[in-house]
Amino acid sequence: MHGDFLSELINQTQIFFMRTLANIIWHIPFLGFLSAFSTFLLGLLLVVTVIGAPIGLGLMQLSRFLLTPFSSEMVDKSDLNQRYNAVWEAYSFIVRILYFPFGLILTVVTIIQIIGLCISIVGIPLAIILSKSLSTYFNPVHKICVSRFTAREAEQAKARARYFN
């Protein structure tokens with residue numbers, strides 16, 4: 001009984017240290033903090049314009065993800081059972097259509113960054129993380145950065161609801 005608990009504790013500690021090390025590698029040689037900072041500034045600019053607020057809020061969440069990509073995930077707010085105001089939802093849809101060309105450009109730039117990271121063996125895990133965030137670059141509306149644990153819980157709840165309904 002105690003051996004199982006101890007081995008699980010050791011396993012969780014190792015996972016924590018590996019994720020921390022991967023986050024450090026993402027920032028030091030690969031300048032991940034620059035991606036996070038530039039995404040945050042773009043999001044802030046869009047929020048200040050008020051018109052682009054839905055996109056800006058999503059990009060600010062994406063910048064939060066880019067600060068700790070190995071410890072967090074991007075999920076849709078609907079996966080967390082968060083409700084939307086109908087007016088905000090309609091407005092977000094219109095803004096999403098207007099954002100399409102910019103989202104396409106950001107997605108292409110990220111794909112180029114992914115290809116560059118795949119050149120080195122060390123960059124492959126980082127490329128995988130960026131590839132997971134491609135959908136958020138393309139459509140950041142209603143996306144939120146959560147811990148991996150919260151994302152897994154939401155995924156399990158969604159699977160349970162699908163299975164039992």
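What you see is a predicted model; the values in this text were computed from it and never measured.

Student: Explain the side chain of T136 to me, using residue names and the numbers behind them.
Tutor: Here T136 is to be found in helix α6 (residues 134-138). For T136, a relative accessible area of 1% translates into the label buried. Ignoring sequence-local partners within four residues, the contact set of T136 consists of L62, M74 and K143.

Student: Give me the lowdown on the packing of aromatic side chains, citing residues and values where you can.
Tutor: In the structure shown here, the tally under the stated rule is four aromatic pairs. Relative to F17, the ring of F16 lies with its centre 5.5 Å away and its plane at 65°, an arrangement referred to as edge-to-face. Across the pair, exposure class does not vary: F16 and F17 are exposed alike. For the ring pair W88 and Y91, a centre distance of 6.0 Å and an interplane angle of 50° mean the geometry is tilted. Highlighted residues: W88 and Y91, both in helix α4 (residues 86-117), separated by three residues, approximately one helical turn. For Y91, a relative accessible area of 28% puts it in the partly exposed group.

Student: How would you explain the layout of surface pockets if you had to name every residue and give the values?
Tutor: Within this model, the largest pocket holds a volume of roughly 180 Å³. Around the largest pocket, the lining residues are L42, L46, I51, G52, I55, V95, L98, Y99, F102 and L106. Contributions of two or more residues to the lining of the largest pocket are made by α2 (32-48) and α4. Its residues assigned to classes, the lining of the largest pocket shows nine nonpolar, one polar and no charged.

Student: Account for the pattern of salt bridges, naming residues and giving values.
Tutor: For side chains bearing opposite charge, pairing can occur when the charged atoms are close. For the structure on display, the rule yields three salt bridges. A salt bridge links R152 to E73; the shortest N-O distance between them is 2.9 Å. Placement of the pair is R152 in helix α7 (residues 148-164) and E73 in strand β1 (residues 72-76), with a sequence separation of 79 residues. Here R152 falls in the partly exposed class, since its relative accessible area comes to 37%. In this structure E73 comes out as buried when scored by relative accessible area, which is 16%. Three or more residues are tied together by salt bridges with common partners; here these are E73, R148 and R152.

Student: Outline the environment of V141, supporting the account with residue identities and numerical values.
Tutor: With respect to the element layout, V141 can be found in the loop between α6 and β2 (143-147). The buried category is assigned to V141, whose relative accessible area is 2%. Spatially, the C-alpha atom of V141 lies 5.3 Å from that of G58, the residues being 83 residues apart in sequence. Those residues in contact with V141 that sit more than four places away from it in its chain are P54, I55, D76, S92 and R96.

Student: Just give me the short version of the packing of helix α3 (residues 53-67) against α4, but keep the residues and values in it.
Tutor: Close contact between α3 and α4 brings their axes to 8 Å; oriented N to C, the two are set at 60°. Of the possible angle classes, the one that applies to α3 and α4 is oblique. In this structure, α3 uses A53, P54, I55, L57 and L59 to contact α4, whose residues at the interface are W88, Y91, S92, V95, R96, Y99 and L106. Looking at the contact of α3 with α4, its residues break down into ten nonpolar, one polar and one charged.

Cut-offs used in this document
- Residues numbered from 1 in each chain as written.
- Predicted model: local features only at pLDDT ≥ 70, side-chain atom pairs only at ≥ 80, totals over all residues.
- Heavy atoms only, no water.
- Helix = DSSP H or I, 4+ residues; strand = E, 2+ residues; numbered from the N terminus.
- Buried < 20%, exposed > 50% of the residue type's maximum accessible area, 1.4 Å probe, protein only.
- Contact = heavy atoms within 4.5 Å.
- Phe/Tyr/Trp six-rings, centres within 6.5 Å; stacked < 30°, edge-to-face > 60°.
- 1 Å grid on protein atoms, 1.4 Å probe; cavity = no way out; pocket = protein on both sides within 12 Å on 5 of 7 lines; lining within 4 Å.
- Points joined across faces, edges and corners; volume = space filled by probe spheres on them.
- Nonpolar A, V, L, I, M, F, W, Y, C, P; charged D, E, K, R; others polar.
- Salt bridge = Lys/Arg side-chain N within 4 Å of Asp/Glu carboxyl O.
- Axes fitted to C-alpha atoms, helices over the stretch in contact; angles between N-to-C directions.
- Parallel < 35°, antiparallel > 145°, perpendicular 65-115°, else oblique.

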